[in-house]
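Observations on the model geometry
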Amino acid sequence: MPSSASFTQLGLMPELVQCLTELNYSNPTPIQQQAIPEILAKQSIIGQAKTGSGKTAAFALPILQLNMAQRKQTQGNGVSSLILVPTRELAQQVADSIKHYGQRLSPRLKVKAVYGGQSVNTQMLALRGGADILVATPGRLLDLVANNAIKLHQVKHFILDEADRMLSLGFSEELAQIQKQLPTQKQILLFSATFPDEVKVLADQLLQKPVVINVINDDVEQRLTQRVITVNRDRKTGLLIELIKQNNWRQLLIFGSAKHTCNRVAQKLSKAGIKAEVFHSDKGQGARNRILSGFKNGDIDVLIATDIAARGIDIEKLPVVINYELPRSPMDYMHRIGRSARAGESGLAITLIAHDEYQHFKLIEKKNKLRLKREQVEGFEADDQAPLDCPSRQVIAQAKPEGTGKKKRKQARKENESIWKKPSV
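Per-chain numbering applies: the sequence of each chain, read as written, is numbered from 1 onward. Reporting in this predicted model follows two pLDDT cut-offs: at least 70 for local features of residues, and 80 or more for side-chain atom pairs to be given and counted; totals over whole chains, interfaces and linings ignore these cut-offs and use all residues. Processing note: side-chain calculations cover all non-hydrogen atoms of the structure and skip hydrogens and water entirely.

Partly exposed residues are those whose accessible area sits between 20% and 50% of the maximum for their type, while under 20% is buried and over 50% is exposed, using a 1.4 Å probe and protein chains only. A run of DSSP states H or I qualifies as a helix once it reaches four residues; a run of E qualifies as a strand once it reaches two. Both are numbered from the N-terminal end. Within helix α6 (residues 138-146), burial applies to P138, R140, L141, L142, L144 and V145. Residues of α6 that are buried in the fold lie against β2 (79-84), β3 (111-114), α5 (120-126), β4 (131-136), α7 (163-166) and α8 (172-181). We call two residues in contact when some of their heavy atoms are within 4.5 Å.

Because side chains alternate across strand β12 (residues 320-323), one face comprises the buried residues V320 and I322, and the other comprises V321 and N323, equally buried. The pairing of β12 with strand β13 (residues 347-353) spans four bridges and is classified as parallel. Its bridge partner lying in β13, V320 is registered against L348. For two strands to be treated as a pair, DSSP must find at least two bridges joining them.

Moving on: the confidence of the model for the chain. On average, residues of the chain score 85 in pLDDT, and 86% of them reach the 70 mark or higher. A low-confidence stretch, residues 393-404 (pLDDT under 50), is modelled with 17 contacts involving residues beyond four sequence positions or located in other chains. Values of pLDDT, the confidence the predictor places in each residue, fall between 0 and 100. When the criterion is pLDDT under 50, residues 415-425 qualifies, and its contacts beyond four places in sequence or with other chains add up to 36 contacts.

Turning to the sheet that holds β13, a few remarks are in order. As summarised here, the arrangement of the seven strands in space is β10-β11-β9-β12-β13-β8-β14, forming an open sheet in which the pairing is parallel. Each edge of the open sheet is held by one strand with a lone partner, namely β10 (276-279) and β14 (374-375). On top of the sheet, helix α11 (residues 236-247) reaches β8 (224-230), β9 (252-255), β12 and β13; it is set at about 160 degrees to β13, its chief contact. To obtain each axis, a line is fitted to C-alpha atoms, and for helices this fit is confined to the stretch in contact; angles are then taken between N-to-C directions over 0 to 180 degrees.

Turning our eyes to something else, we now look at the packing of helix α3 (residues 55-70) against helix α4 (residues 88-101). Describing two packed helices takes the angle between their axes plus the distance from one axis to the other. At a minimum axis separation of 10 Å, α3 and α4 run at an interaxial angle of 50 degrees. Judged by the inter-axis angle, α3 sits oblique to α4. As α3 packs across α4, the resulting crossing turns out to be right-handed. Along its contact with α3, which presents T56, A57, F59, A60, L61 and L64, the element α4 presents V94, S97, I98 and Y101. Oblique is the label for any angle not under 35 degrees, not over 145, and not in the 65 to 115 range, which are roughly parallel, roughly antiparallel and roughly perpendicular in turn. What makes a crossing left-handed is the near helix being turned counterclockwise from the far one by less than a right angle; a clockwise turn instead makes it right-handed.

The following block contains the structure:
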């Protein structure tokens, strides 16, 4: 495939190409260029590319085309293409993207998103007659299957978006139940920005002779500036306020590790005259939709979120991301900072680390093959030694991500090895 291949040269139908032109998609990204022809050829895929590199379009466009060719084959309340995602926000985002890409198709395909936080009865009504493409979170999908609202035995294309998260231990039970409902013969597509070793083991069990696409997008890394600032823990919020006021940032996304952290930081920012909204699982679905919409359109300048936003926010021109606290999992660090520098834009990711986070950040660097310079900001310099009241050992122990020990990895593989037994096409 030529390096300058157009969407037409990738084999996409004219209606999809026309829609992409209207959406100002000029040329396919590397992951799209490599994945689209393979998916159209009905190959199973493991696709890895940086966050913001166009992975959704890489699987959505060929899946739309394949569904147009086979749309009369799915009967009753069946599903032709099933896309599993880890969060509600990502389910909405992926479904909306697919609808946009397919708006020129005639007749239009039935694309639905189902997830928790909404009435299951409403979603059951929407799924009468099945769906061509269903985007779902695992828990709600199983609810609908249990209520006979949807059947999965006709699925021809099974896609795991954010596959690293979907194949992790947290979703293993639900995925095992879903896998039992799926047919033996199906095309399987796994897409993610990161594939840790333990996830690769499960992926190898799930697929037989897949096409592996690994796009290392150096351009994204060059456009994203990463800074690490050391600071005493009790000065973190003061430094955060200073940075916001000094740089007059707009559309700033701040990550905290817990809901109470997000609430506390928002209160302190408010006292400093900085209005911020919080985004976490305690918020109802209506509030989450409102906050996310307000942040995307610029009505909300500062959003403080837990990691549910690390995989559910897609803003093309988000200039700054700040890690107020570190994520438990090293791979979540990459998903967090990947919210910036998307769609060809430049971005900045700042991580604030206190003494009790030094060791965990070294682990994050090691796992993600990073080596970042430590900085200090005048007036907020970190002490040479941790303060006496710094709970270093306890915090480091809590921050250590699950599955880093050999015994835990071995146990996780043992518990999951029976899940992925059915071969793919």
